[in-house]
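Listed below, chain by chain, are the residues.
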Amino acid sequence: MNGANTSYKIDGTILEVTLPTAIQDGETANFNIEWTAQVPEQIRRSGRNSAEGVALSMAQWYPKMAQFDEFGWHLDEYIGREFIAPFGNFDVTIHLNKNYVVGASGVLQNPDEVKGYQAKAKVKASNGKAAWHYKAQNIHDFVWAADPKFVVDSAASKNGIKVYTVYLPTDKEVISNWKTALGLSTEFLIFAVLSLVRTHGQLTPSSKAVRWYGIWHSNLDYWRP
C-alpha cells in the first residue's frame, strides 16, 4: 500500500489485507497487486472456448475490491453470479495475439493500432502480440471478449452515441441479425439509456460469449440475436 509491503490472508475467494497504516476519512491509497490465473473452459460468465465458438469470454476475471458502505464490508464469495461491487475508473491494456479482435468495456484508445476497428489500421505488435488499450469511467466491472474471427460493425445514434457490435459471422442469418441489432441499438439508446451512455461514451454489444441473452457489463453487453 502506497509502496509499503502488506500482509494478507486468503479465505476461499476473499483476499484480506492488513494495512500498515489506517486510511483516514477522505484519504486515498494506492495498492499494487501482482497475480496470475489460469483461464478455464467456459464457466457461465468467463472462460475460453465457449459452446458458441468464442475463444475468450472474460467476465469477473480480476481481483475486485469488495464493496464498503453504511452496512459495512460486503464479503460475498464469487459463485458464478453477480455480486455488489464499487464503481470506479478503469485504464486497461490487454496484450493478445495480434490476429485477435477484442470487444470490451470502455472506449478503445488505439483503434488504429489493432485489428478490427479501422480499415487502414496499422497493427502494432511486439513478439506477435498487440496491445488493446481501453479506458472507462464510473463503471463497476471491466469485461472483454476476444476471437480472431470476430467482426466489428459500428453506427451512431441521432444523439451521437457510438455503438459497436462485435460478433462471429457464422452464417448469413447471424450476420443479418447483427445488422438489425446494430440499428435497433442506436434507436434503443435514444429512449432507454441515454443518460447512462452519455456518461460512458459508447456501448458494445458482443457475440454470445457467455451463455445468456442480455448480460449488461458496463459498456459491454453480451447478446444472442
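Above this text is the structure in question.
Criteria and cut-off values
- Residues numbered from 1 in each chain as written.
- Predicted model: local features only at pLDDT ≥ 70, side-chain atom pairs only at ≥ 80, totals over all residues.
- Heavy atoms only, no water.
- Helix = DSSP H or I, 4+ residues; strand = E, 2+ residues; numbered from the N terminus.
- Buried < 20%, exposed > 50% of the residue type's maximum accessible area, 1.4 Å probe, protein only.
- Contact = heavy atoms within 4.5 Å.
- Pairing = 2+ DSSP bridges.
- Polar contact = N/O pair within 3.5 Å; in protein donor to acceptor, adjacent residues only side chain to side chain.
- Phe/Tyr/Trp six-rings, centres within 6.5 Å; stacked < 30°, edge-to-face > 60°.
- Core = buried A, V, L, I, M, F, W, Y, C linked by side-chain atoms within 4.5 Å.
- Salt bridge = Lys/Arg side-chain N within 4 Å of Asp/Glu carboxyl O.

This paragraph deals with the overall build of the protein. What the protein contains, in helices and strands, is two helices and 16 strands. Taking all 225 residues of the protein together, 37% fall into the buried category. Residue pairs in contact within the protein that sit at least 24 positions apart in sequence constitute 59% of those at least 6 positions apart.

On to the sheet that holds strand S4 (residues 56–58). Pairing is antiparallel across the open sheet formed by four strands, whose spatial order is S3-S4-S11-S8. Of all the strands in the sheet, the pair left with one neighbour each is strand S3 (47–48) and strand S8 (101–104). Pairing between S3 and S4: two bridges, direction antiparallel. Looking at S4, one finds that Arg48 is bridged to Leu56.

As paired strands, strand S1 (residues 7–11) and strand S2 (residues 14–18) are joined by five bridges and run antiparallel to one another. Each residue of the ladder has a partner; that of Asp11, found in S2, is Ile14. Between the end of S1 and the start of S2, which pair antiparallel, lie two residues, with Gly12 showing a positive phi angle near 65°.

The next point concerns the sheet that holds strand S9 (residues 107–108). The strand order across the open sheet built from three strands is S7-S10-S9, with neighbouring strands paired in antiparallel fashion. Each end of this open sheet is capped by a strand with a single partner; those strands are strand S7 (88–97) and S9. With nine bridges connecting them, S7 and strand S10 (residues 129–139) associate as antiparallel partners. Residue pairing in the sheet places Val92 in a bridge with Tyr134 of S10.

A word on the side chain of Asp153. Among the secondary structure elements, Asp153 is positioned in strand S12 (residues 151–156). Looking at Asp153, its side chain comes within polar contact range of the side chain of Tyr167, at 2.9 Å.

Here a ring pair, both rings aromatic, is described through the centre-centre distance and the interplanar angle of the planes. Across all of its chains, the model carries 10 aromatic pairs by this definition. Consider the rings of Trp61 and Trp144, whose centres lie 6.2 Å apart with planes at 90°: the pair is edge-to-face. Within this pair, whereas Trp61 is found in the loop between S4 and strand S5 (67–69), its partner Trp144 is found in strand S11 (residues 144–147), the two being separated by 83 residues in sequence. Judged by its relative accessible area of 23%, Trp61 is partly exposed. The exposure class assigned to Trp144 is buried, which follows from its relative accessible area of 8%.

What follows is about the pairing of S12. Both S12 and strand S13 (residues 162–167) contribute to a ladder of six bridges, which runs antiparallel. Across the sheet, Val151 pairs through a bridge with Tyr167, a residue of S13. Linkage of S12 to S13, two consecutive antiparallel strands, is achieved through a turn of five residues, within which Gly160 is found at a positive phi near 85°.

Residues Ile94, Val102, Tyr117, Trp132, Tyr134, Phe142 and Trp144 are the most contacted members of the largest nonpolar core, which totals 29 residues. At the level of secondary structure, the elements contributing two or more residues to this core comprise S4, S7, S8, S10, S11 and S13. Take this core: its biggest share by element is five residues, from S10.

Turning our attention to the pattern of salt bridges. Oppositely charged side chains are able to pair whenever their charged atoms sit close together. Throughout the structure, instances matching the rule amount to six salt bridges. In this structure, Asp141 engages Lys64 in a salt bridge whose closest nitrogen and oxygen atoms are separated by 3.5 Å. Separated by 77 residues along the polypeptide, Asp141 in the loop between S10 and S11 and Lys64 in the loop between S4 and S5 bring together distant segments of the chain. Classification of Asp141 as buried rests on a relative accessible area of 0%. Of the residues examined, Lys64 reaches a relative accessible area of 24% and is grouped as partly exposed. Note that Asp147 and Lys149 form a salt bridge whose closest N and O atoms lie 3.2 Å from each other.

Moving on to the environment of Tyr164. Its place among the elements puts Tyr164 in strand S13. In this structure, the C-alpha to C-alpha distance between Tyr164 and Ser154, residues 10 residues apart in sequence, is 4.3 Å.

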